[in-house]
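# Structure at a glance
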Amino acid sequence: MLAVVACRAGLRRGAVSSAAPLFASARRSITMGPPRQDKLTTKKSDEQAFPGTEGAHIKDQPRSTEIANNKPEVTGDWVLFHPVYSPEELRSVEVLHREAKTASDKFAVAFAKVLRWGFDLVSGYKHKPIPPGANMSLEELQKGGYVMTEHDWLNRILFLESIAGVPGMVGATLRHLKSLRLMRRDAGWIHTLLEEAENERMHLMTFMTLRNPGILFRALILGAQGVFYNIFFFSYLLSPRTCHRFVGHLEEEAVLTYTRCIKEMEAGRLPVWVDHPAPEIAKDYWRLRPNATMLDVIYAVRSDETTHRFVNHSLANLKTDDINPFALREPNMHVKGRTVEFDRDASKHYVEESQEIVEKHKPH
Ligand SMILES: [Fe+2]
Ligand SMILES: [Fe+2]
């Protein structure tokens, strides 16, 4: 067992340096390297990360799969598929709201509003408009409750992200179990839902580099997860479409919250964050430039939330046995940022287009 673990460590090390033969790497990790904590223990979220430390990223140069002279070559990605946004895409996001059309839509909106109210209450989030013509210093604005501090924003964001990672995992779990139980294919939904769950967890890991919450905050998250996971699990069993609609509305709120955060930063009201370097984990995940700042991170997070908004509202328009239109590709942010959803016909058209692309590139 120890030998297997050691060999894995060697392979990973080899993936970065590609310089030492496999056996030399493995031996070094047992006899010469520092004891265990360098490669085998969980990394802190802000630890210096090399691109491809845990496998090549989608943006890395394609590697040869050929193994020559015992040099291990590892291909793959350490995260699930994730888009890397262009500067134009990052700025093409609009705050949108989908009007409820059916009774189940109305129920989903109402539940999302209740949850938003609960989030606001628990995390102390407030958005009081600054009185026109008010000539107050930043300190006065903060004291008057018109402006939130970086600490207040982190309270809000950490709580929100710890909850946001739940629905995708529940949906993926239930569809996975259904596929096993009925011995039927899933129609491509599981991956998209898992990607969403991982994406939200990466948001949480990114913001955790800025604050280490106390025991009370952690207890609150623990309790909230216990309640929310179970409610969402049973709701998804009853009506997956209503659940996706609910998540779509929750993501509308997330886009709104991060848009406000960006405005506050650009207005100079979050001075600690404006030039704060982006955490290493964020640079690695979104492939940000080396001198990226927290503002770049918030823009990227907002684009992710926009994807969740679009995907969940679109999935809510489908029957649960329909093909997931985003299984093979996803529209770019110019579409997702300005359109709240694909209706069922648009999804069908998108699937047909994807199938044509696959056919065209098939080796004949
Ligand atoms: Fe998120
Ligand atoms: Fe989200």
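Note that the structure is predicted; figures quoted are calculated from it, not measured.

### Points about unusual backbone geometry
Located in the positive-phi region is alanine 187, a residue other than glycine, with phi close to 70 degrees. With respect to the helices, strands and loops of the structure, alanine 187 is situated in the loop between helix H6 (150-182) and helix H7 (189-208). Note on alanine 187: 16 C-beta atoms within 10 Å, which makes it partly exposed. Although it is not a glycine, arginine 287 adopts a positive phi angle of roughly 55 degrees. You can see arginine 287 is positioned in the loop between helix H11 (280-286) and helix H12 (294-316).

### Re the nonpolar core
Core analysis: the largest hydrophobic core is formed by 42 residues, its most contacted members being Leu160, Ala254, Tyr258, Ala282, Val297, Ile298 and Ala300. Contributions of two or more residues to this core are made by H6, H7, helix H8 (215-238), helix H9 (240-266), H11 and H12. By residue number, the principal contributor to this core is H9, which donates nine residues. Excluding residues that lie within four positions of it along the chain, valine 297 makes contacts with Thr206, Ala278 and Ala282. Membership of the second largest hydrophobic core comes to six residues, among which are Phe310, Val311, Leu315 and Phe326.

### Here's the deal with the UniProt feature "binding site: Fe cation 2" (unreviewed entry) in the chain
Under the UniProt annotation, "binding site: Fe cation 2" (unreviewed entry) lies at Glu200, Glu251, Glu305 and His308. For the annotated residues, spread through 109 residues, the largest C-alpha to C-alpha distance comes to 11.1 Å, consistent with a single compact locus. With respect to the helices and strands, glutamate 200 occurs in helix H7. Taking the number of C-beta atoms within 10 Å as the measure of exposure, glutamate 200 has 25 and is therefore buried. Setting aside residues no more than four positions away along its own chain, glutamate 200 makes contact with Glu161, Ala164, Gly165 and Gly168. Among residues more than four places away in sequence, those in contact with histidine 308 are Glu196, Val247 and Glu251.

### Digging into the UniProt feature "binding site: Fe cation 1" (unreviewed entry) in the chain
With numbering matched to this structure, UniProt assigns "binding site: Fe cation 1" (unreviewed entry) to Glu161, Glu200, His203 and Glu305. The annotated residues occupy 145 residues of the chain but converge on a single region, no pair of C-alpha atoms lying more than 10.5 Å apart. Looking at the element boundaries, glutamate 305 is found in helix H12. Those residues within four positions of glutamate 305 in sequence are excluded, and the remaining contacts are Glu251, Ala254, Val255 and Tyr258.

Cut-offs and rules
- Residues numbered from 1 in each chain as written.
- Chains lettered and ligands numbered in written order.
- Predicted model: local features only at pLDDT ≥ 70, side-chain atom pairs only at ≥ 80, totals over all residues.
- Helix = DSSP H or I, 4+ residues; strand = E, 2+ residues; numbered from the N terminus.
- Buried ≥ 20, exposed ≤ 12 C-beta atoms within 10 Å, placed from the backbone.
- Core = buried A, V, L, I, M, F, W, Y, C linked by C-beta atoms within 7 Å.
- Contact = placed C-beta atoms within 7 Å.
- UniProt positions renumbered as here; feature names shortened; annotations may be inferred.

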